[in-house]
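Structure assessment
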Amino acid sequence: MLLSTLFCFSYYSCILLMLTNGINQMMNKLKNCTSPYLLQHANNPVHWFPWGDEALAKAKAENKLIIISIGYSACHWCHVMEHESFEDEAVADIMNAHFVSIKIDREERPDIDMLYMSAVQILTGRGGWPLNVIALPDGRPLWGGTYFPQKQWKDALLQLSEYYKRDEKQCLQYASELSSAVTKMNELVRIDYDSELSPEVLHKSYSVWERQFDNVYGGPDKAPKFALPCSYNYLLQYSLAFDNNACREHVLLTLNKMAAGGIYDHLGGGFARYSTDIFWKVPHFEKMLYDNAQLVSLYCKAFMVTKELQLLHVAEDIIRFVMRELRANKEGYFAALDADTEGAEGKYYVWQEEELKELCGDKYDMVREYYQVGGLGHWEHGNNILIPVASINDFAAQKNADAAAYKSMISTINEKLLARRESRVRPGLDDKQILAWNAMMISAFVDAYMASGNLSYYLLAESGAAFIEKELAQGDGRYYHQYTKGVAAINAFHDDYAFYAKACLDLFTAHYNFSFLEKCVSLIEYGIEQFFDVETNSFYFTPLSENILFSKKPEMQDNVIPASNSVMAQVIFQCGLITGNAQWIDLSKRMLLNVQPEIEKWGSAYSNWCSLQLMLTQPYYVLVVCGENANEKAELLRKSTTYKAIVIAATEQHDFPFLEDKLFAPDAWIYPCTKQACMHPVASVDEVLLLLKQDNASSS
């Protein structure tokens, strides 16, 4: 009888559990989403909603606070909080009973993410992901932070729920004040637009910035260390413009130390998102398309300045990684690879000594020494990150051995290790194809073509643009933000238009297909029409016609990804020079004036703006090459005028103002143009280079 009773109890408990799980799955609204991050949470017992009217209407109808939880699929600490809290039945019961819970992929909805990130930065002084905010039923933020351990999360939810029930009026007041603070944080200071721009601001900014340089390991003098491509791109420009050798050496030290460290994948190519230490040793293992695209460009430009082949090799290794692991069938590029595999961070990338011994055989001692296994390469739990002790040439020299033989040996070992690694459970792939990030990859391919002369890179850039036009263009000037699992969705944001305009301008200046210049012009015109605010001389992140939540934000600060306003301002300036549009040149100046006070204090947060300031305050040329051999002369000029000029080649007349009254001859003429006027043409590339050198010297 007892056994029968226990059996019945167990049977009905299982049935009840199955029913409960089934109800939870039905109440969780994420299963029909395309975002890999949202799908990761589709089986949570939390009754998640995607962002949208349904969730907001439910919160208002039931007068419940909203949990807004934001992250992305490759985020390690997002996974940790999911496992600790969102998969836990007791936590889910609290969330389901007292809140309406919304899960957001920050890469799908960067507009929402940046608003709530601003609120959390005001509340806590810092930000990051996962980003967790408690908001009123109307979406205004009340409280928030980033990662919370389970007990802290549960306690906070219960306290906030009680507080809202007990004193709703006080909550409304506090949320109103916080929303106002977010709006104020996003406002631009009124600027006298008759002011003049000066390079002195850049010098003051640099004097503050250089105090934070780590001149032993490169990068900033603190951890974590991010690659920050646009910062080092600007610092390289600054060093060239003002002949600052210390700055130049710091940039090259940083690039070489990053490429020699654990943040770089020495087997498969590509960079992880950041290093957790000052040595570039232990990465946060996620790999993002936007990091790697920008780093291709940075290493290529550094190569064009220094002619150090190792820099170009790093760029080309990154490209091989992107083509192998992030390229989609339709020629777009996926967003990211996860940091975690089988619930452990970095498991896919690290090595135990026993496995290395098995694979390397009698070469193990050499591999152990070269990759510092058990030494600097040791991380935790017996795992090793492969970090070369020196370049192959230097390593061979230390052994009094032939460099070519060592290079062949290391290459063979690397192929074997990579093959073994690829047999492991792979990191999760975020298969969103985001317009802005794909545009960055187009620019990366163009820069690789410029640096190497390899036409296949340019053809990849063209195919990237073809993908965007085929899958993301809406046909009326608008674009979609992303393409996922065969579906284009979400109207594009300002960064999508800015980076695509830049990509089209890059395509034009690389191969002089005038259709790309026309596309760039149309993207600028559409951006001004839909996003530009004449009161502040800035572009909002969302169209002027859209009302989003409690505030609108222009993206102004450069970060790992430069601000969409700084990118568009540069494109407007350069396109204005090319097309002779004086209004656009003036507009770029007015946009730049918005951030002058910030540049002087925080140059590292406005580095792409600093690049524009160099263009506007130092000699900057459009070199127009006209004639039958224009492409050949243009290629020579491009390789020698990095950061100093836009080079345009035309073998025949086109309907653009900058080609009016130009001579076309078998031996092409070169027209140096600056300040919207062209000098007398010359036939010699060397003569033009001498002119630029003298002009730069006189302005330094």
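Now for a description of the structure that goes with this document. (Residues numbered from 1 in each chain as written. Predicted model: local features only at pLDDT ≥ 70, side-chain atom pairs only at ≥ 80, totals over all residues. Heavy atoms only, no water.)

Here we look at the overall build of the protein
A count of helices and strands for the protein gives 27 helices and 22 strands. Over its C-alpha trace the protein gives a radius of gyration of 27 Å, about what one expects of a compact globule, namely 27 Å for 700 residues. Its C-alpha atoms give the protein principal-axis dimensions of roughly 105 × 70 × 45 Å. Across the 700 residues of the protein, 57% fall into the buried class. Excluding contacts between residues fewer than 6 apart, the proportion of contacts in the protein whose partners are at least 24 apart in sequence is 68%. Put simply, the protein shows about 28,900 Å² of open surface, and 52% of that area lies on carbon and sulfur atoms. In the protein, 61 positive and 87 negative side-chain charges are present, and the distance between their average locations comes to 3 Å. (Helix = DSSP H or I, 4+ residues; strand = E, 2+ residues; numbered from the N terminus. Rg over C-alpha atoms; globule rule 2.2 N^0.38 Å. Buried < 20%, exposed > 50% of the residue type's maximum accessible area, 1.4 Å probe, protein only. Contact = heavy atoms within 4.5 Å. Areas by Shrake-Rupley, 256 points an atom, 1.4 Å probe, with all protein chains shown as cover. Lys, Arg positive; Asp, Glu negative; His and termini not counted. Charge placed at Lys NZ, Arg CZ, Asp CG, Glu CD.)

Here's the deal with a negative patch on the surface
On the surface, Glu518, Asp655, Glu660 and Asp661 cluster together to form a negatively charged patch. Here Asp661 is to be found in the loop between strand S20 (645-650) and strand S21 (669-674). (Patch = residues over 30% accessible without salt bridge, like charges linked within 9 Å, V, L, I, M, F, W, Y side chains within 5 Å. Salt bridge = Lys/Arg side-chain N within 4 Å of Asp/Glu carboxyl O.)

Looking at the pattern of salt bridges
The full count for this structure, using the stated rule, is 36 salt bridges. Salt-bridge contacts for Arg109 lead to Asp111; the nearest nitrogen and oxygen are separated by 2.8 Å.

Comments concerning the environment of Cys300
Mapped onto the elements, Cys300 comes out in helix H12 (residues 289-306). Put simply, Cys300 and Thr254 are 46 residues apart on the chain and 15 Å apart in space, counted from C-alpha to C-alpha. Not counting residues within four places of it along the chain, the set of residues in contact with Cys300 comprises Leu312, Ala315, Asp447, Ala448 and Ala451.

Looking at the side chain of Asn608
Residue placement: Asn608 occurs in helix H25 (residues 607-617). Under the relative-accessibility criterion, Asn608 is labelled buried at 9%. Here Asn608 is in contact with Cys230, Asp558, Pro562, Ser566, Val567 and Gln570, once residues within four sequence places are set aside.

Comments concerning the sheet that holds strand S14 (residues 433-434)
Strand order in this open sheet of 3 strands is S14-S15-S16, and the pairing throughout is antiparallel. In this open sheet, the two edge strands, each paired with only one partner strand, are S14 and strand S16 (487-491). Alignment of S14 against strand S15 (residues 480-484), held across 2 bridges, turns out to be antiparallel. Bridge pairing in S15 links Ile434 to Gln482. (Pairing = 2+ DSSP bridges.)

Side note on the sheet that holds strand S19 (residues 621-626)
If you trace the 4 strands from one edge of the open sheet to the other, you get S20-S19-S21-S22, paired in mixed fashion. Either end of the sheet is taken by a strand with one partner, and the two such strands are S20 and strand S22 (677-678).

Some remarks on the packing of aromatic side chains
In total, this model carries 34 aromatic pairs according to the counting rule given. Between the aromatic rings of Phe285 and Tyr349, the centroid separation amounts to 5.9 Å while the plane-to-plane angle is 10 degrees, which identifies the pairing as stacked. You can see Phe285 sitting in the loop between strand S8 (283-284) and strand S9 (287-288) and its partner Tyr349 sitting in the loop between strand S12 (344-345) and helix H14 (353-360), a full 64 residues away along the chain. In this structure Phe285 comes out as buried when scored by relative accessible area, which is 4%. A ring pair is formed by Phe493 and Phe541, whose centres lie 5.4 Å apart and whose planes are at 15 degrees; its orientation type is stacked. Here Phe493 is found in the loop between S16 and helix H20 (494-511), whereas its partner Phe541 is found in the loop between strand S18 (538-539) and helix H22 (564-579), with 48 residues between them in sequence. Just as Phe493 is buried, Phe541 falls in that class too. Put simply, the rings of Tyr206, Trp209, Phe213, Tyr234, Tyr238 and Phe242 touch in pairs and so form one group of aromatic residues. (Phe/Tyr/Trp six-rings, centres within 6.5 Å; stacked < 30°, edge-to-face > 60°.)

So, the state of the cysteines
Per the counting criterion, the structure on display carries 2 disulfides. The disulfide partner of Cys75 is Cys78, and the S-S distance across this bridge is 2.4 Å. A torsion of 80 degrees about the S-S bond marks the disulfide between Cys75 and Cys78 as right-handed. Residue classification places Cys78 among the buried residues on the basis of a relative accessible area of 2%. Two residues share a disulfide in this structure: Cys673 and Cys678, whose sulfurs sit 2.0 Å from each other. Because the torsion about its S-S bond is 95 degrees, the bridge between Cys673 and Cys678 counts as right-handed. By relative accessible area, Cys678 is classed as partly exposed at 41%. (Disulfide = S-S within 2.5 Å.)

Examining the nonpolar core
If you look at the biggest cluster of nonpolar residues, it comprises 194 residues, and the most contacted ones within it are Trp153, Phe271, Tyr299, Tyr500, Trp609 and Phe658. Filtering out sequence-adjacent residues up to four positions away, Trp153 remains in contact with Ile67, Met81, Ser85, Phe86, Val91, Met95, Asn132, Ile134, Trp143 and Phe148. Counting 22 residues, the second largest nonpolar core, distinct from the first, contains Ile68, Ala135, Val182 and Phe550. (Core = buried A, V, L, I, M, F, W, Y, C linked by side-chain atoms within 4.5 Å.)

Topic: helix H11 (residues 245-260)
Helix length check: H11 (16 residues) gives 22 Å between terminal C-alpha atoms against 22 Å at 1.5 Å per residue, within 8%. Every buried residue of H11 is listed here: Cys247, His250, Val251, Leu252, Thr254, Leu255, Met258 and Ala259. Of the surrounding secondary structure, the elements contacted by the buried residues of H11 are helix H9 (200-209), helix H10 (229-241), H12 and helix H13 (309-325). The backbone nitrogen of Ala246 lies 3.2 Å from a side-chain oxygen of the residue at the head of H11, namely Asn244. (Expected span 1.5 Å × (residues − 1). Polar contact = N/O pair within 3.5 Å; in protein donor to acceptor, adjacent residues only side chain to side chain.)

Comments concerning the environment of Val282
Within the secondary structure, Val282 sits in the loop between strand S7 (274-275) and S8. Separated by 101 residues in sequence, Val282 and Ala181 have C-alpha atoms that sit 37 Å apart. Here Val282 is in contact with Tyr274, Ser275, Thr276, Asp277, Trp379 and Ile385, once residues within four sequence places are set aside.

Remarks on the side chain of Thr509
Among the structural elements, Thr509 can be located in helix H20. A polar contact of 3.2 Å, which involves the side chain of Thr509, links it to the backbone oxygen of Asp506. Apart from residues no more than four positions distant in its own chain, Thr509 is found in contact with Met450, Arg638, Ile646 and Val647.

Re unusual backbone geometry
Keep in mind that most residues, glycine aside, have a negative phi and that most peptide bonds are trans. Across the junction of Trp129 and Pro130, the peptide omega takes the value 5 degrees, indicating a cis bond. As for its position among the elements, Pro130 is in the loop between helix H6 (110-124) and strand S4 (131-135). Cis geometry marks the peptide bond from Ala223 to Pro224; its omega dihedral reads 0 degrees. With respect to the helices and strands, Pro224 occurs in the loop between H9 and strand S6 (225-226). Its identity is not glycine, yet Gln372 carries a phi of approximately 55 degrees, on the positive side. Looking at Gln372, the relative accessible area reads 16%, which means it is buried.

Quick word on the pairing of strand S3 (residues 99-105)
Residues in a regular strand point their side chains to alternate faces of the sheet. Taken across its 7 residues, S3 has 7 buried, putting it largely inside the fold. As defined by bridge partners, strand S1 (residues 48-50) adjoins S3 across 3 bridges and the pair is classed as parallel. Looking at S3, one finds that Pro50 is bridged to Lys103. In terms of strand pairing, strand S2 (residues 65-71) meets S3 through 7 bridges, oriented parallel.

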